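Overview (structure and organization)
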Amino acid sequence: MSGKSQLNLTRNIGIMAHIDAGKTTTSERILFYTGLTHKIGEVHDGAATMDWMAQEQERGITITSAATTTFWNYAGHKFKINLIDTPGHVDFTVEVERSLRILDGAVAAFCAVGGVEPQSETVWRQADKYKVPRIAYVNKMDRSGANFFEVERQIREVLGAHPCPLQIPIGAEESFKGVVDLINMKAILWHDETMGAEYEVDEIPAELVDEAKTWRDKMLETLAECDDVLMEKYFDNPDSISVDEIKAAIRKGTLNMQINPMLCGSSFKNKGVQTLLDAICAYLPSPQDTPTIEGHDINDPDKVIVRKTVPEEPLTALAFKIATDPYVGRLCFFRVYSGELPAGSYVYNARSGKKERISRLFQMHSNKQNPKDVIECGDIGAGVGFKDIRTGDTLCAEDAPISLESIDFPDPVIGVAVEPKTQKDLDKLGVGLAKLAEEDPTFRVETNEETGQTVISGMGELHLEIIVDRLRREFKVECNQGRPQVSYKEAISKSVQLRETYKKQTGGRGKFADIIVRLEPADEGFEGTLQFVDEVKGGNVPKEFIPSVQKGFEKAMQNGVLAGYPLDQMKVTLVDGSFHPVDSDQLSFEICAIQAFKNAAAQAGPQLLEPIMKLEVVTPEESMGDVIGDLNKRRGNVEGMESSRTGARIVKAKVPLAEMFGYVTALRTITSGRATSTMSFSHYEPVSANIAREVLAEVNGRVDLIK
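Residues numbered from 1 in each chain as written. Predicted model: local features only at pLDDT ≥ 70, side-chain atom pairs only at ≥ 80, totals over all residues. Heavy atoms only, no water.

Attention shifts here to the overall build of the protein chain. Of the regular secondary structure elements, the protein chain holds 17 helices and 37 strands. The buried share of the protein chain, reckoned over its 707 residues, is 54%. Relative to all contacts within the protein chain whose residues are 6 or more apart in sequence, the contacts with residues 24 or more apart total 72%. (Helix = DSSP H or I, 4+ residues; strand = E, 2+ residues; numbered from the N terminus. Buried < 20%, exposed > 50% of the residue type's maximum accessible area, 1.4 Å probe, protein only. Contact = heavy atoms within 4.5 Å.)

Below, the structure written as structure tokens:
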């Protein structure tokens, strides 16, 4: 079998969903039915494993493997499925982001009771951003309150998508026993006694025939819009449309992102998983369906390079996850877009500019690694032997360098000081934190120079809780935590021009630099950190010193004047200056720029910025007033209220992170445990003067600069 013919039988897919929609249960069942695992992996049902335990369950397979490869026989062919499990919690959206970046297709799982939940919206929008075609799978059809048609309406109205049900359920809640296949107009019934492993195809129950006809007609109408040939047949004689034509139209509509085929089942009860696997093979794209990949020239970022998804092209691969495996050490997961990657070969890292030898390659099978001689075009694999690799790096051939757009990760918004409980934990703590930081780009480790404390920062309280939990479980380190600290930033609010001269006379050569600079807020729409403008005329500052001035300001921005918090953006104009033919050098101008920043920023109306979070609270109607009252006390800004279909109210608000510590517990108290909330980072905005003074007084910052 040549690489070419295999490619169209490969599916790189992920399962994405809100917390508790059953992603991991579905993944476990897929592994079971495809024969990878002989015992079904259990994730406890429903509410027993909420919060971080669910995350442990979820990462039960994800800690050791990011991608699992399995096989499924469909329509006489053996399909290879690379399955990536993505977490559902909003603190881990970055895990979802980077998985979507390298997937060809996805299964969006929805809970038949909860429907479209806040996090399902987030992952759906992320999939839109990366243009990932997806199938909708309505899980938990056996739970009380399950309603397939209501979820279909929500996907259409809340997500603005185009769901196209290919099945309707037979029974619901306790009596859910199968589905009507609208393509073949047959009933598929699962056997309870075989744990759902076997099913039979039967005639549609008499009471469902009319409803099935109505939904089949809706399906054909939707498909007619995706395919002109089908449209003609649909208007002439709908009965003349063959099953193969329907399937071809579904595949075409899915790949063009015009429709989302919709299936249902109950993964926990083992119903609907085989039909889901068939649909993945039939309708989701293979690597060949995205025939080209675009990247940029390393030396000229404006120049676009296009590579075809064929083995003959030069190697192009993207590293999307680094994991620490107890047996093989650092595993780097990557997706090969073009060319092939043989074991023992050298690859060029576009970010670091270094060559690296990959000693061994693996394909991950659940939690076992199968050694491979080569990872082929369009495939996902893992490699060992990298010295310097980060998530989002492009691996390519040295003679044909290319940089795929790397993945942008948000800055951490919350920090916590950690210290080991005993002296022998001290070394282990450093090793453990370094490994975790390699795996997770949104997690940072810093040492506070003044206090000597180790501060870990991440995307939310849960994120850090899990990091500390993993330190204990995987690295056997016990540590004490300080109270959470918010990651503030600084900004300047007005324009200041000043002259800075740096002079130092020593025995030999002296140091001299003189610059006139203007500092002001960056222009609107400017992307990046430092907007540097050079206005020097007539060589008053020689050309070779100007990059040193820019470098000095870039360095200085990492420590603002109020309390050493970084500045996100600033505009610096180098107006003029002078130099000394003997004493001036690059270092002098760099130091001069750092001093100029300190003096100018203090006069430029420095401000403290704090992270603002986007919050969604789902609460019963009767607790609504209390929830809003509590948010107002937390300096929250309520932006809207909606009603959910279960009669609950959804409150959307923007709230400063500083006021949100312990919110989950407080919310449970106010609503007697009946409300839930999801929170994600939104943006930074200036803090009012009196609060800024309080914050600065606490960290020994310069309170006198706040006007």
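Taken as a whole and assessed by the stated rule, the structure comprises 9 aromatic pairs. Judged by centre distance (5.4 Å) and plane angle (80°), the ring pair of Phe148 and Phe149 falls under edge-to-face. Judged by centre distance (5.0 Å) and plane angle (20°), the rings of Phe545 and Phe589 are stacked. Taken together, the residues Phe545 in the loop between β32 (530–534) and α13 (546–556) and Phe589 in helix α14 (residues 586–603) connect sequence positions 44 residues apart. (Phe/Tyr/Trp six-rings, centres within 6.5 Å; stacked < 30°, edge-to-face > 60°.)

We now examine helix α9 (residues 243–255). The end-to-end C-alpha distance of α9, which contains 13 residues, comes to 18 Å, matching closely the 18 Å that a straight helix rising 1.5 Å per residue would cover. Packing partners of the buried residues in α9 comprise β1 (10–17), β5 (134–139), α7 (209–224), α8 (228–236), β11 (260–264) and α10 (273–283). Downstream of α9 by one or two residues, Met257 has phi in the positive range, about 60°. (Expected span 1.5 Å × (residues − 1).)

This part takes up the side chain of Thr10. Checked against the element boundaries, Thr10 lands in strand β1. Relative accessible area serves as the criterion here: at 6%, Thr10 is assigned to the buried category. Once residues lying within four places of it in the same chain are set aside, the contact partners of Thr10 are Lys80, Asn82, Pro285, Ser286, Pro287 and Gly378.

Across the interface, α7 lies against α8 with an axial gap of 8 Å and an inter-helix angle of 140°. Comparing their axes, α8 and α7 come out oblique. On α8, the residues touching Asp217, Leu220, Glu221, Leu223 and Ala224 of α7 are Leu230, Met231 and Tyr234. (Axes fitted to C-alpha atoms, helices over the stretch in contact; angles between N-to-C directions. Parallel < 35°, antiparallel > 145°, perpendicular 65-115°, else oblique.)

The next point concerns the pairing of strand β9 (residues 186–190). For β9, the buried fraction is high: 4 of the 5 residues fall into the buried class. For strand β8 (residues 178–181) and β9, the ladder comprises 4 bridges, and the chain directions are antiparallel. Residue pairing for β9: Asp181 is matched across the bridge by Lys186. Hairpin connection, β8 to β9: the antiparallel pair is bridged by 4 residues, and Met185 has positive phi, about 50°. With 4 bridges connecting them, β9 and strand β10 (residues 199–202) associate as antiparallel partners. Bridge assignment links Ala187 to a residue of β10, and that residue is Asp202. (Pairing = 2+ DSSP bridges.)

Taken together, 4 strands build an open sheet; the order of strands is β30-β31-β33-β32 and the sheet is mixed. The sheet is open, and its two borders are formed by β30 (496–504) and β32, each paired with just one other strand. Strand-to-strand twist of the sheet, defined as the mean angle between neighbouring strand axes without regard to direction, takes the value 25°. When β30 meets strand β31 (residues 511–520), the two strands line up antiparallel, connected through 9 bridges. Bridge pairing links Lys504 to Lys511 in β31. Strands in contact with α13 are β31, β32 and β33 (570–578); relative to β32, the strand with the most contacts, it is inclined by about 155°. Sitting on the sheet, α14 touches β30, β31 and β33, and the angle it makes with β31 is about 35°.

Our next topic: the packing of helix α15 (residues 624–633) against helix α16 (residues 663–670). Contact pair α15 / α16: the axes reach a minimum separation of 10 Å and the direction vectors enclose 145°. As for the relative orientation of α15 and α16, their crossing is right-handed in sense. Touching Asp626, Val627, Asp630 and Leu631 of α15 are Tyr663, Leu667 and Ile670, all from α16. (Left-handed = near helix turned anticlockwise from the far one by under 90°.)

Spatial ordering of the open sheet is given by β7-β8-β9-β10, a layout of 4 strands whose pairing is antiparallel. Since the sheet does not close on itself, it has two edges, and those belong to β7 (167–170) and β10, each with one partner. Across the sheet, the axes of successive neighbouring strands diverge by a mean angle of 25°, strand direction being ignored.

Before going further, it helps to examine the state of the cysteines. This structure, assessed with the given rule, holds 0 disulfides. Counting only cysteine sulfurs, Cys164 is the nearest neighbor of Cys226, a cysteine outside any disulfide, at a range of 7.5 Å. (Disulfide = S-S within 2.5 Å.)

This brings us to the environment of Thr447. Topologically, Thr447 is positioned in strand β25 (residues 444–447). Look at Thr447 and you get exposed, because its relative accessible area is 53%. For the pair Thr447 and Ala417, spaced 30 residues apart in sequence, the C-alpha to C-alpha distance is 9.2 Å.

The biggest cluster of nonpolar side chains holds 64 residues, and the ones touching the most others in it are Ile456, Ile515, Val517, Leu519, Phe553, Met570 and Leu608. If you tally residues by element for this core, the top one is α14, at 7 residues. Non-local contacts of Leu608, meaning those with residues more than four positions away in its chain, are made with Tyr488, Lys489, Glu490, Leu562, Tyr565, Glu685, Pro686, Val687, Ala692, Val695 and Leu696. (Core = buried A, V, L, I, M, F, W, Y, C linked by side-chain atoms within 4.5 Å.)

Here Val699 is to be found in the segment after α17 (689–698). Look at Val699 and you get partly exposed, because its relative accessible area is 36%. In sequence terms Val699 and Gly564 are 135 residues apart; their C-alpha atoms lie 9.8 Å from each other. Setting aside its immediate chain neighbours within four residues, Val699 contacts Ala563 and Tyr565.

Turning to the environment of Gln603, a few remarks are in order. On the secondary structure map, Gln603 appears in helix α14. The spatial distance from the C-alpha of Gln603 to the C-alpha of Val561 is 10.0 Å, given a sequence separation of 42 residues. Residue contacts for Gln603: discarding those within four places in its chain leaves Lys494, Val496 and Leu498.

To continue, consider the confidence of the model for the protein chain. Counting all residues, the mean pLDDT for the protein chain is 82, and 87% of those residues have values of 70 or more. The low-confidence segment residues 36–65 (pLDDT under 50) makes 66 contacts with residues lying over four places distant or belonging to another chain. (pLDDT = per-residue confidence, 0-100.)

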